[in-house]
Amino acid sequence: VDPGRYTYFEGGPANQRAAFRGTAAHNVVQVDSREQTAYRQGPKRMKIAGPAPDAVLLHADAHMVHARAASHEVNVINERIIMRSDNGWWLIHDRLISETPHDYDLRFQLSPETHDHVHQVELANGTRAFLSPDLLVVPITSNAAQLTIEQGWVAPRYGERYSAPRLRVSQRESSGWFSTLLLPFRGEMPDIDFACDALLARVRIGDGMPEEMEMPC
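A. Summary view of the pattern of salt bridges. All told, the structure shown has 16 salt bridges when counted by the stated rule. A salt bridge links Arg204 to Asp191, with the nearest nitrogen and oxygen atoms 3.7 Å apart. Of this pair, Arg204 sits in strand E16 (residues 200-205) while Asp191 sits in the loop between strand E14 (176-184) and strand E15 (192-196); the two residues are 13 residues apart in sequence, bridging distant segments of the chain. Through salt bridges that share partners, Asp105, Arg107, Glu150, Arg166 and Arg168 make up one connected network.

See below:
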């Protein structure tokens, strides 16, 4: 979900306005704990202090959106592909391109209703995943990754905020990728098989036929 606005007030021990606007609060890859756009303290309040990332829409149709963004704060290009299957699952593929190593953190903000109801599970093939009520989040990465559940916040209305879990997948790479399967379900967690290599992503749900798609992994 989107974290919302919450407040315009920047005082107190933590600048909540800056936190709700920051890269870490949104469902994207953060590089070296930096903001995608410079956001610095001005004479009275924090302001945007640099250009927005250069963004290009490469393709869009009913089943796929493919875009590229290049931040002016870090020397990394991020390509993102979002794919929707007619069988109900979504695939988010982030490709990071850089000549130097970086710390990459991919986050997904969940809703307050999932508070205290999210945990990690291990699938039959050994892949680690996040299980929340009616949603399975399965990340695969190009390098060894660490999965954690962070404290997040969601503000459905101005001035109101609620504690909500934030999923985090971390790896260190120069050029690498994250492929994340989002599988909504009802009742018992389904059996799945999800794999991705340099050429292909493969998804099988339960006893169904596997679906394959070419991916720039």
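B. Expanded view of unusual backbone geometry. The backbone of Tyr6 shows a phi angle near 70 degrees, a positive value even though the residue is not glycine. As for its position among the elements, Tyr6 is in the segment before helix H1 (16-21). With relative accessibility at 17%, the residue Tyr6 sits in the buried group. The phi dihedral of Asp116 is positive, around 65 degrees, even though this residue is not glycine. Within the secondary structure, Asp116 sits in the loop between strand E8 (102-109) and strand E9 (119-122).

C. Looking closely at the environment of Arg204. Sequence-wise, Arg204 and Glu122 are 82 residues apart; in three dimensions their C-alpha atoms are separated by 16 Å. When sequence neighbours within four positions are dropped, the list of residues in contact with Arg204 reads Asp191, Ile192, Asp193, Met209 and Pro210.

D. Geometry of the sheet that holds E16. Taking strand neighbours across the sheet as the criterion, the three strands line up as E15-E16-E17 in an open arrangement whose pairing is antiparallel. On the outer flanks of this sheet lie E15 and strand E17 (211-214), each paired with one strand and no other. Within the sheet, the average angular offset between the axes of one strand and its neighbour, ignoring direction, is 10 degrees. Inspection of the sheet shows E16 paired to E17 by four bridges, in the antiparallel sense. By the bridge assignment, Val203 is partnered in E17 with Glu211.

E. Quick peek at the nonpolar core. Grouped together as the largest cluster of nonpolar side chains are 22 residues, with contacts concentrated most on Leu91, Leu136, Val138, Ile192 and Phe194. Of all elements in the fold, only strand E6 (77-84), strand E10 (128-132), strand E11 (135-141), E14, E15 and E16 reach the threshold of two or more residues within this core. Not counting residues up to four positions away in its chain, the partners in contact with Val138 are Leu123, Thr127, Ala129, Ser179, Thr180, Leu181, Ile192 and Phe194. Judged by nonpolar contacts, the second largest core, of 18 residues, contains Leu96, Leu106, Phe108 and Leu110.

F. Quick peek at the sheet that holds E8. Strands sit in the order E1-E8-E13-E12 across an open sheet of four strands; the sheet is antiparallel. Two strands close off the open sheet at either side, each with one partner strand: strand E1 (29-31) and strand E12 (146-154). Strand-to-strand twist in this sheet, taken as the mean axis angle between neighbours without regard to direction, amounts to 30 degrees. Strand direction decides the pairing type here: E8 and strand E13 (residues 162-173), joined by eight bridges, are antiparallel. The partner of Asp103 across the bridge, within E13, is Arg172.

G. View of the pairing of strand E4 (residues 54-60). Here E4 runs beside strand E5 (residues 64-70); their pairing, made up of six bridges, is antiparallel. Bridge pairing in E5 places Leu57 opposite Ala67. Hairpin connection between E4 and E5: a loop of three residues separates the two successive antiparallel strands.

H. Seen up close, the side chain of Thr127. On the secondary structure map, Thr127 appears in the loop between E9 and E10. According to the relative accessible area criterion, Thr127 is buried, its value standing at 17%. Separated by 3.0 Å, the side chains of Thr127 and Asn125 make a polar contact.

I. Here's a closer look at the confidence of the model for the protein. For the protein, per-residue confidence averages 90 on the pLDDT scale, and 95% of positions sit at 70 or higher. Looking at the elements of the protein, mean pLDDT is at its lowest for strand E3 (residues 46-48), recorded as 68, and at its highest for E8, recorded as 98.

J. Region of the structure containing the environment of Asp94. For Asp94, the position within the fold is in strand E7 (residues 90-97). On the basis of relative accessible area, Asp94 is assigned to the buried category, the value being 0%. Between the C-alpha atom of Asp94 and that of Leu136, which follows or precedes it by 42 residues, the distance is 18 Å. Residues within four places of Asp94 in sequence aside, it is in contact with Val29, Asn78, Glu79, Arg80, Leu106, Gly176, Trp177 and Phe178. At 3.5 Å, the side chain of Asp94 forms a polar contact with the side chain of Asn78. Only 2.8 Å separates the side chain of Asp94 from the side chain of Arg80, close enough to count as a polar contact.

Calculation rules
- In every chain, residue numbers begin from 1 and rise along the written sequence.
- A pLDDT threshold of at least 70 governs which residues receive local features in this predicted model, and a stricter bar of 80 or more applies before side-chain atom pairs are shown or counted, although totals over entire chains, interfaces and linings include all residues.
- Hydrogens and water are ignored here; the side-chain numbers use all heavy atoms of the structure.
- Salt-bridge detection follows one rule: a side-chain nitrogen of Lys or Arg within 4 Å of a carboxyl oxygen of Asp or Glu.
- A run of H or I in DSSP becomes a helix once it reaches four residues, and a run of E becomes a strand once it reaches two; helices and strands are each numbered from the N terminus.
- For every residue, the accessible area (1.4 Å probe, protein chains only) is compared with the maximum for its type, and the residue is labelled buried under 20%, exposed over 50%, or partly exposed between those bounds.
- Two residues qualify as a contact provided that any one of their heavy atoms is within 4.5 Å of a heavy atom in the partner residue.
- One requirement defines pairing of two strands: DSSP has to find at least two bridges between them.
- Axes here refer to lines fitted to C-alpha atoms; in helices the fit is confined to the stretch in contact. Angles between the N-to-C directions go from 0 to 180 degrees.
- Put simply, buried Ala, Val, Leu, Ile, Met, Phe, Trp, Tyr and Cys residues joined by side-chain atoms within 4.5 Å make one nonpolar core.
- Polar contacts, as used here, are pairs of N or O atoms within 3.5 Å; protein pairs need one atom able to donate a hydrogen and one able to accept it. Residues neighboring in sequence count only if both atoms are side-chain atoms.
- Every residue carries a pLDDT, the predictor's confidence in it, which falls somewhere between 0 and 100.

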